[in-house]
Amino acid sequence: MIEIKNVTKKYGDKIVLNNMNLTIESGDIFAFVGHNGAGKTTCIKCMTDIIEFESGDILYDGISIKNEPLICKKNIAYIPDNPDLYEFLKGIDYLNFIADIFEMDSSRLEKINKYATEFELKESLGNPIGSYSHGMKQKLAIIGALIHEPKYIILDEPFVGLDPVATKKLKDHMIEMTKKGTSIFFSTHVLEVAEKLCNKIAIIKNGQLIKTGLMHDVLKDKSLEDIFMELENEKIS
Amino acid sequence: MKKFLKLTKINLYTFFDIHKIINARGFKEVKKVLPMLLLYIFSFGFLMFTFYKGIAFVIDGLIQLNMPYIILVMIMVMVSVTSALTTVFKVNKTLFNAKDYSFLLSLPIKKRTIISSKIINLYIINFVFAAMLLIPTYIAYILKVDVNIWFHFLYLTTFFLIPVVPTIIGCLIGTIFMAIVSKLKYKTSIDILISILFIFAIYYLSYKIQSMSSMDLANISTSIVDKFNNLYPLTKVYLNIMKDNSLFDLILFVVLSLGLYQAFKYSIVKFFNGINSKLSEVTIVNKYQDKDVKVSNKLYSLYKKEIKKYFSSSLYVLNTAIGCIMLLLVLGAFAIFGGDTIDKVLEMPELSNYLVFYGPLVFGVFCVLSCTTNSSISLEGKNLWILKSLPINIKDIFISKVMVNLTILLPTLLVSSIILTYIAKLSIIQFIALLFTPVMYAFFISGFGLLINLFFPDFNWTNEVKVIKQSIAVLASLAVGMLVAMGPLFIKTDMNKTLYSFLIGVIVFILTLILYYILFNKGKRIFKSL
């Protein structure tokens, strides 16, 4: 379980996350939506210890990422919105590096081959990442995130740049992994995907959560797009 | 013209971090920028003052010989050769292979305008560094030599023009390199190799020029000018301008500078796209096989990643390893081909004492010049999220970066010490004294470079030249490193040289322990906040 407790993050004097509270249970596929600049990426970066936050805490199974970052991060996989990977490494070098950091044994071979084949990247693993397209880098980042079987997967716009086959594969893996107890938290602007794939949702605006809960409770008989637009207009009026 | 000025402005704002300074609003932002600005001012001021003192000293000597103008020629040649040489290595990633290349070509801007802005960018960088020598020269000269009003006008005009021709020569040689490299499979390795050969060719050429003929003492000033003119053909033109106030030579200097710039700009357009496209082609090295999947421990994996990063950039390698390569080659060549010279050296009284004292200090200077860590944090650039989001102990990240520097330094120091011990027939204790202090320097500068880069990181670079060669972290580590390496020269003592050398080593060892304590505590906190 991930618990975000009273998290506040500021950039200078600007409050980007304002006293945020959220719980992601084991087996959840949690969608995180909001307009550009709402605070989604900042929240995700706080959750993955990429940036520090002023107050509050984020707990993974009760362990604080502030106090025990290494223990928490051993169970986390993160994919950023823009897969800036080490362009001087070959694809396989990057996966070896990730597997080494997560202290995987030689069983990594089977997993690398499995995911690389599924995401149609096996033929390119011997090439430098610098030669990859955006979509290929995204696929490599996804393979790197999946091979060590994390307990928590945190993704920032994971479907951007992926081809339809890879998108379907990723969605299938997300569903399959949550059945085994993995928690998945991802930001997206593709509301249809969020609506179909996720059991829970949080909508953020100007650093504050304006709606959160089970997907069907939030939607009732409306579409996510309608709900999102209503909430946006409400706040404006 | 508007587009050209706009492009040049953006390039320079990014390169010199001007946008950070002028956009700083409020106390907090100014507080962030201020140390960087002060350190820049201090570093440049300190270097210019040191140059001024040295130049003034030389002028005094030249006044005795009744030829003070020789200093103007000397500095002009020094600035020109250095500018040309450094430009050769900046062409890759600035003129060609630049990160903004595709973006700029997609905009409605003429290719010639893009090229011009890149050349001017290189010129201005050279000009800033030339000014560090030309301004102290001007001040020292007008204070010590009686000059007429024309001198000020001529000096000022040529002041702006001196870096033009060397920039174009550097661009031309760099372009030829890039054209060759772009056609080859292993681009980075070949680039490193060609560049090293080129540097050796330049050194060999200047050595040959020095030994071409003996000095004609009766006509010493002509002799000196001739030698400089052999190295840089515009020397005599410049001398005529400054010494004889020759208007004709001034016009020739202006026409040559601007003409070369225009000619290069127009002719390079033809090859620009071809070279750029070839350079951006990535060679498919080999097909992935199961045996490529290898298990390593965390630290070794981090080290492998760092060493691959190091060797992936020819600029990074050339900027940090060339000193070590030259030290090894010079010592090796001396040991093998020294012959009579070695015999003469061996006859020097107190030779072993001198070697044991000065050897470690010289090796220390090489350690400072070969620091890889002072840009290693900045070079993470947009990849920093990987290290920060993974379960890696920050201490391991630091150790892996230090290990890369030690991989270059320690073998160099060991082999150099063995060669010197062999040549000078030193004892085992003297060998240990020769090796101990430089090894301490190596640990010190590797940690110091890293710490200073943590204090002054730059992740928003578009050209790695900026963080590898001209960042504040690089300048500061160079200044402090030199102070630590050269410091013992200024302390007078009657102590036994071997013992004194050990004592220096022990002091550097204690400094290194303190430094690493700071790095693993304060440094870790800084890294977390990046």
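Counting from 1, residues in each chain are numbered in the order their sequence is written. As a convention, the first chain written is A and the first ligand written is 1, with the rest following in written order. Reporting in this predicted model follows two pLDDT cut-offs: at least 70 for local features of residues, and 80 or more for side-chain atom pairs to be given and counted; totals over whole chains, interfaces and linings ignore these cut-offs and use all residues. The side-chain quantities take in all heavy atoms of the structure and omit both hydrogens and water.

1. Things to note about the overall build of chain A
Line of reasoning, step 1. Strands are runs of DSSP state E lasting at least two residues, helices are runs of H or I lasting at least four, and both sets are numbered from the N terminus onward. What chain A contains, in helices and strands, is nine helices and 10 strands.
Line of reasoning, step 2. The globule rule is 2.2 Å times the number of residues to the power 0.38, and the radius of gyration it is compared with is taken over C-alpha atoms. For 237 residues, the compact-globule formula gives about 18 Å, and the C-alpha radius of gyration of chain A, at 18 Å, lands near that figure.
Line of reasoning, step 3. Dimensions along the principal axes, computed over C-alpha positions, put chain A at roughly 55 × 40 × 35 Å.
Line of reasoning, step 4. Whether a residue is buried, partly exposed or exposed follows from its accessible area with a 1.4 Å probe, protein chains only, as a fraction of its type maximum: under 20%, in between, or over 50%, in that order. Relative to its 237 residues, chain A shows a buried fraction of 57%.
Line of reasoning, step 5. Contact definition: two residues touch when any of their heavy atoms are within 4.5 Å. Across chain A, contacts joining residues at least 24 apart in sequence account for 66% of those joining residues at least 6 apart.
Line of reasoning, step 6. Split by element, the accessible area of chain A, about 9,800 Å² in all, is 48% carbon and sulfur. Every accessible area reported is derived by Shrake-Rupley at a probe size of 1.4 Å, with residue values counting cover from the shown protein chains alone.

2. Brief notes about the overall build of chain B
Line of reasoning, step 1. In terms of regular secondary structure, chain B is built from 22 helices and zero strands.
Line of reasoning, step 2. Against the compact-globule benchmark of 24 Å for 530 residues, chain B has a radius of gyration of 25 Å, which places it among compact chains.
Line of reasoning, step 3. Seen through its principal axes, chain B has C-alpha atoms that stretch 70 × 70 × 55 Å.
Line of reasoning, step 4. When burial is assessed residue by residue, chain B has 51% of its 530 residues classed as buried.
Line of reasoning, step 5. Across chain B, contacts joining residues at least 24 apart in sequence account for 83% of those joining residues at least 6 apart.
Line of reasoning, step 6. When charges are tallied, Lys and Arg are placed among the positive residues and Asp and Glu among the negative ones, while His and the ends of the chain are skipped. To locate a charge, the coordinates of NZ of Lys, CZ of Arg, CG of Asp or CD of Glu are taken. The averaged location of the 23 negative side-chain charges in chain B is 13 Å from the averaged location of its 50 positive side-chain charges.

3. What about the pairing of strand 6 (residues 76-79) of chain A?
All names here are of chain A.
Line of reasoning, step 1. The two faces of strand 6 match: I76 and Y78 on one face and A77 and I79 on the other face are all buried.
Line of reasoning, step 2. Pairing of strand 6 with strand 7 (residues 152-156), which is carried by four bridges, proceeds in the parallel orientation. When the bridges of strand 7 are listed, I76 appears paired with Y152. In this scheme, strands are said to pair when DSSP sees at least two bridges between them.

4. Brief notes about helix 1 (residues 40-47) of chain A
Residue and element names in this part refer to chain A.
Line of reasoning, step 1. With six of its eight residues buried, helix 1 lies for the most part within the structure.
Line of reasoning, step 2. Within helix 1, the full set of buried residues consists of K40, T42, C43, I44, C46 and M47.
Line of reasoning, step 3. Two residues or fewer past helix 1, D49 is found with a positive phi of approximately 65 degrees.

5. Regarding the interface of chain B and chain A
Line of reasoning, step 1. Listed as interface residues are 36 residues of chain B and, on the opposing side, 42 residues of chain A.
Line of reasoning, step 2. By buried area we mean how much accessible surface two parts lose on assembly, using a 1.4 Å probe and totalling the loss over both. Taking both partners together, chain B and chain A bury about 3,600 Å²; carbon and sulfur atoms supply 63% of that area.
Line of reasoning, step 3. We count a salt bridge whenever a side-chain nitrogen from Lys or Arg sits within 4 Å of a carboxyl oxygen from Asp or Glu. Counting across the interface, chain B meets chain A through three salt bridges.
Line of reasoning, step 4. Linking E123(A) and K287(B) is a salt bridge whose minimum nitrogen-to-oxygen distance equals 3.7 Å.

6. Things to note about the domain arrangement of chain B
Residue and element names in this part refer to chain B.
Line of reasoning, step 1. With domains assigned, chain B is organised as domain 1 (56-280) and domain 2 (298-529).
Line of reasoning, step 2. Throughout the structure description, domain borders are defined by an automatic or database domain assignment. Distance from the C-alpha centre of domain 1 to the C-alpha centre of domain 2: 30 Å.
Line of reasoning, step 3. Taken together, the contact between domain 1 and domain 2 spans 16 residues of the former and 18 residues of the latter.
Line of reasoning, step 4. Across the interface of domain 1 and domain 2, roughly 1,400 Å² is buried in total on both sides, 76% from carbon and sulfur atoms.
Line of reasoning, step 5. At the boundary of domain 1 and domain 2, one finds zero salt bridges.

7. Quick look at the domain arrangement of chain A
Residues and elements named next belong to chain A.
Line of reasoning, step 1. Considered domain by domain, chain A is made up of domain 1 (2-75 + 151-236) and domain 2 (83-149).
Line of reasoning, step 2. Counting residues at the interface gives 15 residues for domain 1, matched by 13 residues for domain 2.
Line of reasoning, step 3. Between domain 1 and domain 2, a total of about 1,200 Å² is buried, with carbon and sulfur atoms accounting for 63% of that surface.
Line of reasoning, step 4. Applying the counting criterion to the domain 1 and domain 2 interface returns one salt bridge.
Line of reasoning, step 5. For this analysis, a polar contact is any N or O atom pair within 3.5 Å, provided that within protein one partner can donate a hydrogen and the other can accept it, and provided that sequence-adjacent residues contribute only side-chain to side-chain pairs. Linking domain 1 to domain 2 there are three residue pairs in polar contact (both at pLDDT 80 or more).
Line of reasoning, step 6. The element contributing the most residues to the side of domain 1 that touches domain 2 is helix 6 (residues 164-179), with five residues.
Line of reasoning, step 7. Asp, Glu, Lys and Arg are counted as charged, while Ala, Val, Leu, Ile, Met, Phe, Trp, Tyr, Cys and Pro are counted as nonpolar; the rest, among them Gly, fall into the polar class. Of the residues contributing to the side of domain 1 that touches domain 2, the split by class is seven nonpolar, two polar and six charged.

8. Quick look at the pairing of strand 9 (residues 200-205) of chain A
Residues and elements named next belong to chain A.
Line of reasoning, step 1. Counted residue by residue, strand 9 has six buried out of six residues, so it is predominantly covered.
Line of reasoning, step 2. Here strand 9 shows no split at all, with K200, A202 and I204 on one side and I201, I203 and K205 on the other all buried.
Line of reasoning, step 3. Two strands pair when backbone bridges link them, and strand 3 (residues 29-33) and strand 9 are joined in this way by four bridges, in the parallel orientation. Its bridge partner lying in strand 9, F30 is registered against K200.
Line of reasoning, step 4. Sheet analysis places strand 9 next to strand 10 (residues 208-214), joined by six bridges and oriented antiparallel. Pairing of K205 across the sheet is with Q208, part of strand 10.

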